[in-house]
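What the coordinates show
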Amino acid sequence: MKNTYPLPFFLLLFSLGFSQMETEIYLFDLDASDNGFSLTNMKNISQNTGYDSQPFFTPEGMLLFASNRGGLTDIAEYNPADGTKRWLTYTPIRGEYSPMSIPGSNDIAAIGLDTTGLQRLYRYNPKTQKSKKILEDAKVGYQLWIDKKTFAATVLEENRMDLIVAHLGEGSTRKYQKDVGRSLLKIPGSDRFSYVSKENGQSLLKSMDPLSGATDSIISINGSEDFCWLNNGMLLTGKGTQVLGMNPAKNNNWNVLVDLKDKGIKNISRMAVNAEQNTLALVAEPDYTIVVNRQVDTYNARE
């Protein structure tokens, strides 16, 4: 006969000790073929107390992300091939966010938030640990590099974010729209990128040609502003424990592709997919209730 044991004291400490909200980055093997959609072999690749978010795959397949380090965030790099992680930045006076590799360069770009409150876009050399501002005065929130001298960005203005495109070779910066969301993504098979327009109280996913500035509406959206494009035209987003998908070229209905409620995570937000389309990184909060319950079930299952 099996007995039911009380919750061990160490499990109580575990549960209470992680009551504060934090995020982790989880890696999955992705299969998004015509036969279906699956996420398998889940792995927590940050395993770090506090904020870990904003994943970005480099063309070489390395995963960059912002990671808590002594109360501020630095940029970490994870190698999916061998499971190793290293720090690319160390700035005690500044936290780094939203890392991206700069095309045609070994440098990375990230948003730096100084302890004084100064927020700017910086270029970092991981070898020398040196950095320099890319835009001197703009308070950049998010970025998307088109090529080595052109990038789109959201800049903070009053109580909103506005969309700009900067051409470093020409030394020009142009504002295209007021009040946009944080998601800036290249659209596969296109020279355009997508962004979220919030003008007139509506949330629309739009596309833009960064050279001409021409825009088109893709679809009306509600809820999450965190998206991920797949090469087959599928748009992914997260809702709670679910990964949702929609192909805007075919319909405007979100479908539940997979529910990760039994994986010990909740509140899925940002996502990123590698160039080979076989690995998905997503950001979520650990659901320690599920983790603790599993440990209790294992404990109680003992004879």
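Below, the structure is looked at part by part. This structure is a prediction, so every number in the text was calculated from the model and none was measured.

Per the stated rule, a full pass over the model turns up 12 salt bridges. With a closest N to O distance of 2.8 Å, Asp-107 and Arg-123 form a salt bridge. Of this pair, Asp-107 sits in the loop between strand E7 (94-101) and strand E8 (108-114) while Arg-123 sits in strand E9 (residues 119-125); the two residues are 16 residues apart in sequence, bridging distant segments of the chain. According to the relative accessible area criterion, Asp-107 is buried, its value standing at 16%. A salt bridge links Glu-225 to Lys-198; its shortest N-O distance comes to 2.5 Å. On the criterion of sequence distance, the pair formed by Glu-225 in the loop between strand E18 (215-220) and strand E19 (227-229) and Lys-198 in the loop between strand E16 (193-197) and strand E17 (204-208) is long-range, its members being 27 residues apart. With relative accessibility at 19%, the residue Glu-225 sits in the buried group. Several salt bridges share partner residues, and in doing so they unite Glu-158, Arg-160, Asp-162 and Lys-175 into one network.

The next point concerns the nonpolar core. Phe-151 and Phe-193 are the most contacted members of the largest nonpolar core, which totals 34 residues. Secondary-structure elements contributing two or more residues to this core are strand E4 (63-69), E8, E9, strand E11 (140-147), strand E12 (150-157), strand E13 (160-167) and E16. If one sorts the elements of this core by residue count, E13 sits on top with 5 residues. Beyond its immediate chain neighbours, meaning those up to four positions away, Phe-151 contacts Leu-121, Ile-134, Leu-135, Leu-144, Trp-145, Ile-146, Ile-164, Val-165, Ala-166 and Leu-168. Residues Phe-28, Val-243, Val-258 and Leu-260 belong to the second largest nonpolar core, which totals 18 residues.

Cut-offs applied
Residues numbered from 1 in each chain as written. Predicted model: local features only at pLDDT ≥ 70, side-chain atom pairs only at ≥ 80, totals over all residues. Heavy atoms only, no water. Salt bridge = Lys/Arg side-chain N within 4 Å of Asp/Glu carboxyl O. Helix = DSSP H or I, 4+ residues; strand = E, 2+ residues; numbered from the N terminus. Buried < 20%, exposed > 50% of the residue type's maximum accessible area, 1.4 Å probe, protein only. Core = buried A, V, L, I, M, F, W, Y, C linked by side-chain atoms within 4.5 Å. Contact = heavy atoms within 4.5 Å.

These figures capture arrangement, not role.
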